[in-house]
Each structure stands twice: as structure tokens, then as C-alpha cells.
Amino acid sequence: MTELVHPSYYTQYFRFANAMFPDRFTLIQEQNSKYAVYDVKLTQIQAMDIVLRDTAVALVLTFHRPLKVTIQDDFHGKPTGTEERQTITFPLAHHRDALHVRQALQDSDSMLDFTIRKQKSDRRYPEMVPMPEIKASPAWLGMYPVTVQQYRTYCEAQQEPMPPAPPWGWHADHPIVGITWQEAKNYVRWLNQTTRHHYDLPPLHVWQYAALDSPEEGILDDIAWWGENAGESTKPVGQKLPNRFGLYDMQGNVWEWVDGKQEDKQHTAAGGSWDSHFAQCQWNSTASWQRDTRDFSIGFRVVRYQ
């Protein structure tokens, strides 16, 4: 009946209208970098079914008649068209969450300012993980590589064009790719001005210390998207297991630009990518490219200092 998907931190934002007796809610869902915006009156709902398949769970809302849905090209607006849909599939993490949301919809007249943010759609800035002191300087490293959504936020703020899209297209929760070393540094400069923190590309020794776990080939599939399991594209960040510091995708998914000494106008990236061999997905794996290189296997992660 309905295709089930596992919940993603980037897929949906759900809220009741801010009223004493809310009679409607707004739902924003992302798929393939297009955002569907539902504005639903509770009286439009005909049925609310909890659907289970393997480990996936969803609340499926069926309407009395097809609902008009606005399609946007990003989370913040810019409508590009409309569609009509008879159902909404609302992925959730647990069966109890589906029960909770269904009950909230049934009893909304008794709730005030009810908000659910099981999935955060607006992660505009990198999430940081505290690291042990490195050279007596407290540091935080990005939990994930910088995502398409985060880099798009920068491009829109600076009125810069996005880089050429990879063959698989832009997906908000994938790592940004096709970024030159200098463009990564420009993003860091904007991040500093916007947040008033001190961000940079991580030096190679900091990156390697954070990635020090050396996976055996048999367990690389558990922590990394690489040449044997990625299917010729990047994948959403944070889908594999984290390392001992709570960092995701340190091996595979994308090579990550690092800061440091440049040799022969080349810069270093570390960690391997979606199309890398096992030997390239190690804590000490590096590769060098020209500073103006654009490659769909290269992204970056940021470090923040106190």
C-alpha cells in the first residue's frame, strides 16, 4: 500500500498550529532535495493507520479527498509547484512514537503548543563533538562531514552558486562534494563570521588522531560507505556506526580536505570515499589534489577551537 522508509534526521518537521485549540498542523518532508509542505486540517483526515514493516514504523494519514501539497526547492521556501496527494506516510523511530502522534491528533483540542521534532530538518550549521585537548587547545570536530543542506545555506547567504551536481543529484543529508580546497576555506570563513566561533579545516594530525581506529576489512562495512557497499554514490551522513569519539563517516563516504603544508600547489584529503579501496579507508590514508580540483569523491569536515 505505502512504501516505508526509515526516519532520517533531515526528512520531516511536524508541528501543530500555535493556538489554544489547534485544528491543523504543518508537515514538511524532504525527498531528493525537494520539500513537500502539507497544511492539514484535522477534519480532512479520514483514517490514521500505524504500519510496520521489518524495523520501520510509520503513521499513514489518509484524507477524505486529495490534499493540495506545495513543493519547494529548499526548506526555507521558494515554491516550485503543487501536487495532490491522498495520503501522508510519516516515518517515526518507534511504535510508541506513532501511538503518541496518533493520540495527539485525536485529542489535539486539549493540547497547547504541541510540537514534535523527532527529525530536525534545519541543521544549518555543523554539529560538533568535543575532543580531548590537542596541543593544549580544546577542540571540537564536526560529527559528520559538511552536508549539502549546510553548504546550500552558505551559498544562499553569500549568493554563491552551488557547485556542479554529481550524477546522483543533490540530497540534503548527503555530504557536499565537488568542493575545491579554497571553497572549503571560504565556507569556514563565512561560518566564523556568522557564528562568531573559530572554525577551520582540521589539520591532518588532528584529523588522524580523531580517526585513529583502524578497521579490519571484515568490519569496514559497519562504519563506512566504500567501494564495495556504496553503490557508486555518496550516502546520507550518520548511517553507519560512530567511532570511539562519536564521529561518523571518518572512513569512506567522502575524502575530506584537511589543512596543512601545501606541496607543489597540492592539498591533502584524508579517509577515503564511496569509491575507495579498503586500503584507502584507514585513519592514515591520504591523497593529494590540486587546490582547484573538483571531484565528486571529495568533501570536508570542520574543526572548532575555543
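The model shown is predicted, which means the values in this text are computed figures rather than measured ones. (Residues numbered from 1 in each chain as written. Predicted model: local features only at pLDDT ≥ 70, side-chain atom pairs only at ≥ 80, totals over all residues. Heavy atoms only, no water.)

*Asks:* Hey, could you go over the overall build of the protein for me, with residue numbers and the actual values?
*Replies:* A tally of helices and strands in the protein yields five helices and 15 strands. Among the 306 residues that make up the protein, the fraction classed as buried is 53%. The contacts of the protein with a sequence gap of at least 6 include a subset with a gap of at least 24, amounting to 65%. (Helix = DSSP H or I, 4+ residues; strand = E, 2+ residues; numbered from the N terminus. Buried < 20%, exposed > 50% of the residue type's maximum accessible area, 1.4 Å probe, protein only. Contact = heavy atoms within 4.5 Å.)

*Asks:* Tell me about the pairing of strand E13 (residues 286-290), and name the residues and values.
*Replies:* Burial along E13 is one-sided: the residues Ala287 and Trp289 are buried and none of Thr286, Ser288 and Gln290 is. Here strand E12 (residues 266-270) runs beside E13; their pairing, made up of five bridges, is antiparallel. Across the sheet, His267 pairs through a bridge with Trp289, a residue of E13. (Pairing = 2+ DSSP bridges.)

*Asks:* Tell me about the side chain of Lys235, and name the residues and values.
*Replies:* With respect to the element layout, Lys235 can be found in the loop between helix H5 (220-223) and strand E11 (255-257). Here Lys235 occupies a buried position and makes no salt bridge, while the nearest side chain of opposite charge, Glu232, is found at 9.5 Å. The residues contacting Lys235, other than those within four sequence positions of it, are Asp173, His174, Pro175, Trp225, Ala230 and Asn253. (Lys, Arg positive; Asp, Glu negative; His and termini not counted. Salt bridge = Lys/Arg side-chain N within 4 Å of Asp/Glu carboxyl O.)

*Asks:* Describe in detail the packing of aromatic side chains, supporting the description with residues and values.
*Replies:* The tally for this structure, following the rule as stated, stands at 14 aromatic pairs. Where Tyr125 meets Trp190, the ring centres are 6.1 Å apart and the plane angle is 35 degrees; that geometry is what we call tilted. Of the two residues, Tyr125 is situated in the loop between strand E7 (115-116) and strand E8 (128-134) and Trp190 in helix H3 (residues 181-195); the sequence distance between them amounts to 65 residues. The class for Tyr125 is partly exposed, based on a relative accessible area of 28%. Ring centres of Tyr144 and Tyr248 lie 5.3 Å apart, and the angle between their planes is 35 degrees; on these two criteria the pair is classed as tilted. In this pair, Tyr144 is assigned in the loop between strand E9 (137-142) and helix H2 (148-158) and Tyr248 in the loop between H5 and E11, connecting sequence segments 104 residues apart. (Phe/Tyr/Trp six-rings, centres within 6.5 Å; stacked < 30°, edge-to-face > 60°.)

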